[in-house]
Structure formats: structure tokens, C-alpha cells
Amino acid sequence: MAAIYGEEWCVIDDCAKIFCIRISDDIDDPKWTLCLQVMLPDEYPGTAPPIYQLNAPWLKGQERADLSNSLEEIYIQNIGESILYLWVEKIRDVLIQKSQMTEPGPDVKKKTEEEDVECEDDLILACQPESSVKALDFDISENRTEVEELPPIDHGIPITDRRSTFQAHLAPVVCPKQVKMVLSKLYENKKIASATHNIYAYRIYCEDKQTFLQDCEDDGETAAGGRLLHLMEILNVKNVMVVVSRWYGGILLGPDRFKHINNCARNILVEKNYTNSPEESSKSLGKNKKVRKDKKRNDH
């Protein structure tokens with residue numbers, strides 16, 4: 001496969017037999033692109049098919065189901081034989097058919113982790129006045145009395161691993177309106193707007209209700225937002241939001257990417273003095289657990 005497809009073919013883990021190939025409708029001028037990741041079980045090709053994943057921002061719903069069905073039909077028709085070449089060429093045929101339609105190419109900036117994204121070392125913040133901002137469905141009518149000025153935004157020290165770069169951004173927030181304002185300001189930045197993922201989480205303490213208003217966003221990196229919010233809960237931070245930008249560099253990091261996301265966030269929270277000492281955090285967590293237990297007793 002490497003001899004046939006050259007740089008399109010990538011060995012992720014030779015021992016585990018995990019491979020990835022980037023497939024386009026046109027090598028010189030690609031309009032539609034898809035990444036096929038496969039893991040070959042020991043029983044392949046004799047009695048087991050490849051375990052595969054199709055990755056493309058535009059591939060959704062029925063279109064994804066149809067393509068998966070086509071690949072599985074090829075396997076059934078060729079049981080016991082190597083089918084990766086047939087799979088790749090089938091996917092390429094589908095992409096070529098799409099390019100020949102009047103339908104334009106995908107107008108998306110987000111790319112899945114399996115797609116090759118250039119990772120620039122220069123993280124100087126350069127502003128781009130016009131850029132799309134992810135809409136937030138906030139009901140801000142009740143927050144008109146809150147402070148609605150754009151809070152200051154700090155940028156953490158980037159972490160780079162295998163050509164992927166992670167950088168955290170932090171801002172104090174006291175209402176959902178400010179969360180939206182911070183995101184809008186960050187997305188004005190050309191570098192940040194072009195990141196593969198911009199994961200964020202925030203926690204706002206409501207004094208009157210003595211509870212937290214909090215939420216998170218994965219931005220295509222499944223479960224990353226929830227992990228980030230969980231970290232902020234453990235650190236017992238309040239009235240702050242953290243955004244972690246990731247620029248994918250073409251090499252899969254596996255679970256390490258979550259470690260880097262959380263480390264970036266932790267570092268900037270500590271640097272900006274949003275965290276308690278470990279002892280205070282433990283006491284706080286213990287107190288929260290006790291409150292929940294007491295509540296359960298009262299409920300019974």
C-alpha cells in the first residue's frame with residue numbers, strides 16, 4: 001500500500017497494525033478529501049474484516065451510512081482476500097462522483113484529527129477582523145444587569161508534541177454574555193480561528209442561588225470539553241473560562257492529546273491564581289461530598 005499510495009499512506013502503529021490513508025478526488029487539486037483509518041486484526045484477511053473509521057467533516061448521516069455499506073459489501077464479496085486497495089479505490093470513486101456534481105466543496109475549517117493540518121510554530125497573535133464565530137444559544141435577557149464588558153484574555157505557554165500544538169487562553173467571566181464575547185474576540189484571531197479544535201469550559205458562581213452555571217464544548221474533539229470542565233471542578237475554580245486551541249500536526253497522539261489539553265488548562269489556571277492549594281481543593285471536594293450525602297439522608 002505504501003508503494004502504491006506513497007505519502008497518502010501513513011503507518012500509525014506498525015505493531016498494532018493501525019494505518020491511515022488520506023484519499024482525495026484529485027491528488028493535484030483536491031476538492032473532496034476523506035481519511036480512512038484501519039486496524040487489521042490478526043485474523044485479517046482470512047476470517048475477519050479490518051476495523052475502520054471514516055473521517056471527514058462533511059461526511060454525515062445517510063451519506064456516511066451509504067459509504068459504510070459499500071465497504072462492507074466489498075468485504076462480503078471478497079472474504080479471505082486483502083480488500084484495502086478495493087476500499088480505497090471505492091472511496092476515491094465516491095469522491096470523484098461528488099466533485100463532478102454541481103455541489104461545491106465543503107466550506108469548513110475544522111478537520112478531524114486524522115487529517116493533515118499544517119502546524120505553524122509561530123504563535124504570535126494576529127487579528128483578522130472578519131471570521132465566523134460559533135453561535136451560543138444563551139438566554140442572556142436575565143443578565144442585562146451583569147457586567148458586559150469584554151474581560152481581559154490571557155494566553156498560556158504552548159505545548160508541542162509530535163507536531164501538534166496546544167495553547168490555553170483564559171478570561172474571567174461573570175455571565176454567559178461575557179463567555180460569548182470572549183469567544184468572539186478569540187475567533188477574530190486568524191491563528192486561533194484556524195485551529196483544528198477550540199475546546200472550552202467555564203464555571204460561573206451564582207451568589208444568589210449558591211450554585212454554579214457551567215458548560216463546555218468539545219469542538220469536534222469528543223469528550224475533551226467534559227474532561228476540561230471536570231478538571232475545573234476538581235480545582236474548584238469559579239468565574240473563569242478556559243479555551244484550549246489545538247493545531248493538529250498530522251500524527252495521531254491518542255489519549256496523550258487529552259493530557260496536553262488538561263495540562264495547558266491547569267498551567268494557566270495556576271499561573272493566574274485561580275486554583276486553591278491541593279489541601280484546600282481536597283477539603284472542598286470532601287465538603288461537597290458530605291453535602292451530597294447529607295442531602296441524600298434528608299431525602300430519605
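The shown structure was predicted, so the numbers you read here are calculated from the model rather than taken from an experiment.

Enquirer: Just checking my understanding: could you explain the overall build of the protein for this structure?
Expert: The helix and strand inventory of the protein stands at 8 helices and 10 strands. Taking all 300 residues of the protein together, 40% fall into the buried category. Looking at the protein alone, contacts between residues at least 24 apart form 67% of all its contacts between residues at least 6 apart.

Enquirer: Explain the confidence of the model for the protein to me, please; I cannot follow it from the model alone.
Expert: Close reading of the predicted structure is inappropriate where its pLDDT is low. Scored by pLDDT, the protein comes out at a mean of 76, with 76% of its residues at no less than 70. Every residue in residues 277-297 is under pLDDT 50, and counting partners more than four places away or in other chains gives 6 contacts.

Enquirer: Looking at this structure, how should I read the pairing of strand 10 (residues 240-247)?
Expert: Consecutive residues of a regular strand have side chains that alternate between opposite faces of the sheet. Strand 10 sits mainly inside the fold: 8 of its 8 residues count as buried. Neither face of strand 10 is left uncovered, since the one carrying Val240, Val242, Val244 and Arg246 and the one carrying Met241, Val243, Ser245 and Trp247 both have all their residues buried. As defined by bridge partners, strand 7 (residues 164-172) adjoins strand 10 across 8 bridges and the pair is classed as antiparallel. By the bridge assignment for strand 10, Phe166 is matched with Arg246. Taken together, the 7 bridges between strand 8 (residues 197-206) and strand 10 define a ladder with antiparallel strand orientation. Directly across from Tyr202, in strand 10, lies its bridge partner Met241.

Enquirer: How should helix 4 (residues 176-187) be read in this particular structure?
Expert: The end-to-end C-alpha separation of helix 4 is 17 Å, in line with the 16 Å expected for 12 residues at 1.5 Å each. Among all positions in helix 4, only Pro176, Gln178, Val179, Val182, Leu183, Leu186 and Tyr187 are buried. The inward-facing, buried residues of helix 4 abut strand 5 (154-155), strand 7, helix 5 (190-193), strand 8, strand 9 (211-217) and strand 10.

Enquirer: What is the right way to look at helix 3 (residues 84-100) in this model?
Expert: Note on helix geometry: an α-helix contains 3.6 residues per turn, so any two residues three or four positions apart are oriented the same way. An ideal rise of 1.5 Å per residue puts 24 Å on 17 residues; helix 3 measures up with 25 Å between its terminal C-alpha atoms. Residues of helix 3 that are buried: Leu84, Trp87, Val88, Ile91, Arg92, Leu95 and Lys98. The arc enclosing the buried residues of helix 3, seen along the axis, measures out at 130 degrees, which places them on a common side. Facing away from the buried surface of helix 3 by more than 90 degrees, the exposed residues are Gln97 and Gln100. Buried positions along helix 3 lie against helix 1 (2-5), strand 1 (9-13), strand 2 (18-24), strand 3 (33-39), strand 4 (51-55) and helix 2 (61-77).

Enquirer: Sorry, what's going on with unusual backbone geometry here?
Expert: Note: most peptide bonds trans; most residues except glycine with negative phi. Cis geometry is adopted by the peptide bond preceding Pro45, which originates at Tyr44 and carries an omega value of 0 degrees. Tracing the sequence through the fold places Pro45 in the loop between strand 3 and strand 4. A positive phi angle is found at Gln210, which is not glycine, with a value near 50 degrees. Checked against the element boundaries, Gln210 lands in the loop between strand 8 and strand 9. Look at Asn273: it is not a glycine, yet its phi comes out positive at around 60 degrees. Mapped onto the fold, Asn273 is located in the loop between helix 7 (256-271) and helix 8 (278-299).

Enquirer: Sorry, what's going on with the packing of helix 2 against helix 3 here?
Expert: In a packed pair of helices, the relevant descriptors are the angle between the two axes and the axis-to-axis distance. As a packed pair, helix 2 and helix 3 sit with axes 10 Å apart at the nearest point and diverge in direction by 145 degrees. As helix 2 packs across helix 3, the resulting crossing turns out to be right-handed. Residues Glu63, Leu67, Ser70, Leu71, Ile74 and Tyr75 of helix 2 form the contact with helix 3, whose own contacting residues are Leu86, Trp87, Lys90, Ile91, Val94 and Lys98. Of the residues assigned to the contact of helix 2 with helix 3, the class counts are 8 nonpolar, 1 polar and 3 charged.

Enquirer: Whenever I open this one, the pattern of salt bridges confuses me. Can you help?
Expert: Pairs can form between side chains of opposite charge whenever their charged atoms are close. Under the criterion given, the structure shown has 11 salt bridges. A salt bridge links Lys17 to Asp42, with the nearest nitrogen and oxygen atoms 4.0 Å apart. Of this pair, Lys17 sits in the loop between strand 1 and strand 2 while Asp42 sits in the loop between strand 3 and strand 4; the two residues are 25 residues apart in sequence, bridging distant segments of the chain. Judged by relative accessible area, which is 33%, Lys17 ranks as partly exposed. Among the charged side chains, a network of salt bridges with common partners joins Asp161, Arg162, Asp256 and Lys259.

Enquirer: I keep staring at a nonpolar patch on the surface and nothing clicks. Help me out?
Expert: On the surface, a cluster of nonpolar side chains totalling about 280 Å² of accessible area is made up of Ile4, Tyr85 and Leu86. The residue Tyr85 is located in helix 3 in this model. When its relative accessible area of 42% is taken as the criterion, Tyr85 is described as partly exposed.

Definitions and limits used
- Position labels on residues start from 1 in each chain and follow its written sequence.
- It should be noted that, the model being predicted, local features are given only for residues of pLDDT at least 70 and side-chain atom pairs only at 80 or more, the latter also being counted only at that level, while totals for whole chains, interfaces and linings use all residues.
- For side-chain calculations, the full set of non-hydrogen atoms in the structure is used, while hydrogens and water are omitted.
- Note on conventions: DSSP H or I runs of at least 4 residues are helices, E runs of at least 2 residues are strands, and numbering of each starts at the N terminus.
- Buried means the residue's accessible area, taken with a 1.4 Å probe over protein chains only, is under 20% of the maximum for its type, while exposed means over 50%, and partly exposed covers the values in between.
- Between two residues, a contact is recorded if the distance between any of their heavy atoms is within 4.5 Å.
- The predictor's confidence in any single residue is recorded as pLDDT, a number from 0 to 100.
- What makes two strands pair is DSSP finding at least two bridges between them.
- Expected helix span is computed as 1.5 Å times (number of residues minus one).
- Regarding the arc, it is the one traced by the directions from the helix axis to the C-beta atoms.
- Axis geometry follows a simple rule: fit a line to the C-alpha atoms, using only the stretch in contact for helices, then measure angles between N-to-C directions, giving values from 0 to 180 degrees.
- Each helix crossing is assigned a hand: it is left-handed if the near helix lies turned anticlockwise from the far helix by less than a right angle, otherwise right-handed if that turn is clockwise.
- Residue polarity follows a fixed list, in which Ala, Val, Leu, Ile, Met, Phe, Trp, Tyr, Cys and Pro are nonpolar, Asp, Glu, Lys and Arg are charged, and the others, Gly among them, are polar.
- Definition used for salt bridges: Asp or Glu carboxyl oxygen within 4 Å of a side-chain nitrogen of Lys or Arg.
- Two distance rules govern patches: like charges are joined within 9 Å, and nonpolar side chains (Val, Leu, Ile, Met, Phe, Trp, Tyr) within 5 Å, applied only to residues with over 30% relative accessible area and no salt bridge.
- Note that accessible areas follow from Shrake-Rupley with a 1.4 Å probe, and for residues the cover is restricted to the protein chains shown.

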